[in-house]
Amino acid sequence: MPDRVISQHRAASLLAEVLADPESDAARQVYADELLTRGDPRGELIQLDFALAGALSIRKRALLQARRAELCSQHASTWWPYALELRVRNGFIEAVTGTAAQLVAAGPALFAAEPVVEVEIGRAHV
């Protein structure tokens, strides 16, 4: 099997571990490491979120927040292409809010890729 295929299989397996145990920080960190070895910037986002959750100097926190904002600006539409309100924790969507129609439309792709633990169905804003 070519290295690229093995790497893709490993990444899929690690993502499955994150989805199976949404509270596991270890699974997210291992997945982030795999993404980084493949040059995927989402691995950096996951690592930044973990770092930002810890104790940091004011200057370091500002630098990491700026880098996180830059990554999200560049990649959020690719990482999270859902027409829903999202809350992200440690690099993954953990909560979504939307209309029933929006949730039905996004559901299969969303739940296959993100460890969502909270779903809120709201009314469409008129």
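It should be noted that the structure appears before, not after, this text.
Computed from a prediction, not measured in an experiment: that's the story for all the values here.

A. Spatial organisation of the overall build of the protein chain. The helix and strand tally for the protein chain stands at five helices and three strands. The C-alpha extent of the protein chain, read off along each of the three principal axes, is 45 × 45 × 25 Å. For the protein chain, with 126 residues in total, the buried portion stands at 35%. A separation of at least 24 residues holds for 40% of the contacts in the protein chain among residues at least 6 apart in sequence. Only carbon and sulfur atoms are counted for the fraction: they give 56% of the accessible area of the protein chain, which is about 7600 Å². Within the protein chain, one finds 13 positive and 16 negative side-chain charges whose respective centroids are separated by 5 Å.

B. Fine view of the environment of Asn90. Tracing the sequence through the fold places Asn90 in the loop between strand S1 (85–89) and strand S2 (92–98). Judged by relative accessible area, Asn90 falls into the buried class, the value being 8%. Remark: the alpha-carbon pair of Asn90 and Gln29, spanning 61 residues in sequence, is separated by 9.0 Å. Once you skip the residues sitting within four places of it in the chain, Asn90 turns out to touch Asp25, Arg28, Ile46, Asp49 and Phe50.

C. Structural detail: the sheet that holds S2. In spatial order, the strands read S1-S2-S3; together these three strands make up an open sheet with mixed pairing. Pairing within the sheet leaves two strands with one partner each, and these edge strands are S1 and strand S3 (118–121). Across the sheet, the mean angle separating the axes of adjacent strands is 15 degrees when strand polarity is ignored. In terms of strand pairing, S2 meets S3 through four bridges, oriented parallel. Bridge pairing in S3 places Val96 opposite Val119.

D. Local environment of the nonpolar core. Among the nonpolar cores identified, the biggest contains 16 residues, and Leu45, Trp80, Tyr82, Leu84, Ile93, Val96 and Leu110 are the most heavily contacted of them. Broken down by secondary-structure element, the contributors of at least two residues to this core are helix H3 (41–52), helix H4 (58–79), S2 and helix H5 (100–113). Considering each element in turn, this core owes the most residues, four residues, to H4. Contacts of Tyr82, omitting those with residues within four sequence positions, involve Ile93, Ala106, Ala109, Leu110 and Ala113. Listed in part, the 11 residues of the second largest apolar core include Ala11, Leu15, Leu35 and Phe50.

How each quantity is defined
Residues numbered from 1 in each chain as written. Predicted model: local features only at pLDDT ≥ 70, side-chain atom pairs only at ≥ 80, totals over all residues. Heavy atoms only, no water. Helix = DSSP H or I, 4+ residues; strand = E, 2+ residues; numbered from the N terminus. Buried < 20%, exposed > 50% of the residue type's maximum accessible area, 1.4 Å probe, protein only. Contact = heavy atoms within 4.5 Å. Areas by Shrake-Rupley, 256 points an atom, 1.4 Å probe, with all protein chains shown as cover. Lys, Arg positive; Asp, Glu negative; His and termini not counted. Charge placed at Lys NZ, Arg CZ, Asp CG, Glu CD. Pairing = 2+ DSSP bridges. Axes fitted to C-alpha atoms, helices over the stretch in contact; angles between N-to-C directions. Core = buried A, V, L, I, M, F, W, Y, C linked by side-chain atoms within 4.5 Å.

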